[in-house]
Amino acid sequence: MTQDLFDDEVQSAALPLGPGAVVLRRFARPDEAALQDAVRQVIEQAPLRHMVTPGGFRMSVAMTNCGDLGWVTDLTGYRYDPHDPESGNPWPRLPDVFRRLASEAASQGGFDGFVPDACLINRYEPGTRLSLHQDRNERDFSQPIVSVSLGISAVFLFGGPKRSDKARRVPLDHGDVVVWGGPARLHYHGVLPLKEGTHLFWDGCRINLTFRKAG
Ligand SMILES: O=C(O)CCC(=O)C(=O)O
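My aim in this report is to walk through the structure given alongside it, one point at a time. (Residues numbered from 1 in each chain as written. Predicted model: local features only at pLDDT ≥ 70, side-chain atom pairs only at ≥ 80, totals over all residues. Heavy atoms only, no water.)

1. What about the sheet that holds strand β2 (residues 21–24)?
Next up, step 1: Spatial ordering of the open sheet is given by β1-β2-β11-β8-β13-β6-β3, a layout of 7 strands whose pairing is antiparallel. Unpaired on one side and paired on the other, β1 (14–18) and β3 (62–67) mark the two borders of the sheet. Mean inter-strand twist for the sheet, computed between neighbouring axes without regard to direction, equals 20°.
Next up, step 2: Docked against the sheet, helix α2 (residues 32–45) engages β3, β6 (118–124), β8 (145–151) and β13 (206–212), running at close to 100° with respect to β3. (Pairing = 2+ DSSP bridges. Helix = DSSP H or I, 4+ residues; strand = E, 2+ residues; numbered from the N terminus. Axes fitted to C-alpha atoms, helices over the stretch in contact; angles between N-to-C directions. Contact = heavy atoms within 4.5 Å.)

2. Remarks on the side chain of Arg-185
Next up, step 1: By the secondary structure assignment, Arg-185 is in the loop between β11 (177–180) and β12 (189–191).
Next up, step 2: Within the structure, Arg-185 has its side chain in polar contact with the backbone oxygen of Asp-135 (distance 2.8 Å).
Next up, step 3: What Arg-185 contacts, discounting residues up to four positions off in sequence, is Asp-135, Glu-138, Phe-141, Gln-143, Pro-144, Ile-145 and Trp-180. (Polar contact = N/O pair within 3.5 Å; in protein donor to acceptor, adjacent residues only side chain to side chain.)

3. Points about the pattern of salt bridges
Next up, step 1: Going through the model one piece at a time under the given rule, you end up with 13 salt bridges.
Next up, step 2: In this structure, the salt-bridge partner of Asp-81 is Arg-79, at a minimum N-O distance of 3.6 Å.
Next up, step 3: Residue Arg-79 is classed as partly exposed on the basis of its relative accessible area of 26%.
Next up, step 4: Residue Arg-185 is joined to Glu-138 by a salt bridge in which the shortest nitrogen-to-oxygen separation is 2.7 Å. (Salt bridge = Lys/Arg side-chain N within 4 Å of Asp/Glu carboxyl O. Buried < 20%, exposed > 50% of the residue type's maximum accessible area, 1.4 Å probe, protein only.)

4. Observations regarding the site of the ligand
Next up, step 1: Around the ligand, the structure places 14 residues, and the nearest of them are Tyr-124, His-133, His-189, Arg-206 and Arg-212.
Next up, step 2: Tyr-124 has a polar side-chain atom sitting 2.5 Å from an oxygen atom of the ligand.
Next up, step 3: In the model, an oxygen atom of the ligand is placed 2.8 Å from a nitrogen or oxygen of the His-133 side chain.
Next up, step 4: In isolation the ligand offers 290 Å² of accessible surface; the protein chains occlude 98% of this area.
Next up, step 5: If you list the elements that add at least two residues to the shell around the ligand, you get β6, β7 (130–133), β12 and β13.
Next up, step 6: In terms of residue count, the dominant contributor to the shell around the ligand is β13 (4 residues).
Next up, step 7: Residue classes in the shell around the ligand are distributed as 5 nonpolar, 6 polar and 3 charged. (Near = heavy atom within 4 Å. Areas by Shrake-Rupley, 256 points an atom, 1.4 Å probe, with all protein chains shown as cover. Nonpolar A, V, L, I, M, F, W, Y, C, P; charged D, E, K, R; others polar.)

Written out as structure tokens, the structure reads:
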């Protein structure tokens, strides 16, 4: 066996983060080209934008959505909306490759039957970060979250049910997928400021796809 093959085997393994949470190393790699096409098509219809928090702060991460519902924030609060507030149009439909990947990853993580209706697309540029938060705008916390990393690497923070719980630092590379649900569904998580990097598919940025069953 060559060292490359050995590395592939090691890195495609699942890394448990605790009960209900796992990193599936390289899980999305076989779909990387289809994912890139699909992300580009969504962004053409619903461009990335910097949303504003209820406190009036502009988010450093640029975001858009696809699916029946899209996560938005503005001065009135956080919510899911069936329409893109910038255009008034419904969000672009969830590409088939997104739906399939999210369902397969959820099953691999121990959550069979996951059918997402929302995908938040986050674009990180060097220096941007996402502070520790819980995902709690969804109706049904029995459904997991599936989070796909593409492009340059990042450090994901995965904490516990309280903001003050110590967060584990988890390096995430292109194609890694994190699944969390069940006892971990409301765990705090975030992303450290992105370091400079290059990537064949995504140049100097990181794209994250977060799939949820929101409605
Ligand atoms: O970019 C990531 O890895 C995490 C994204 C996230 O936490 C979110 O969209 O709520």
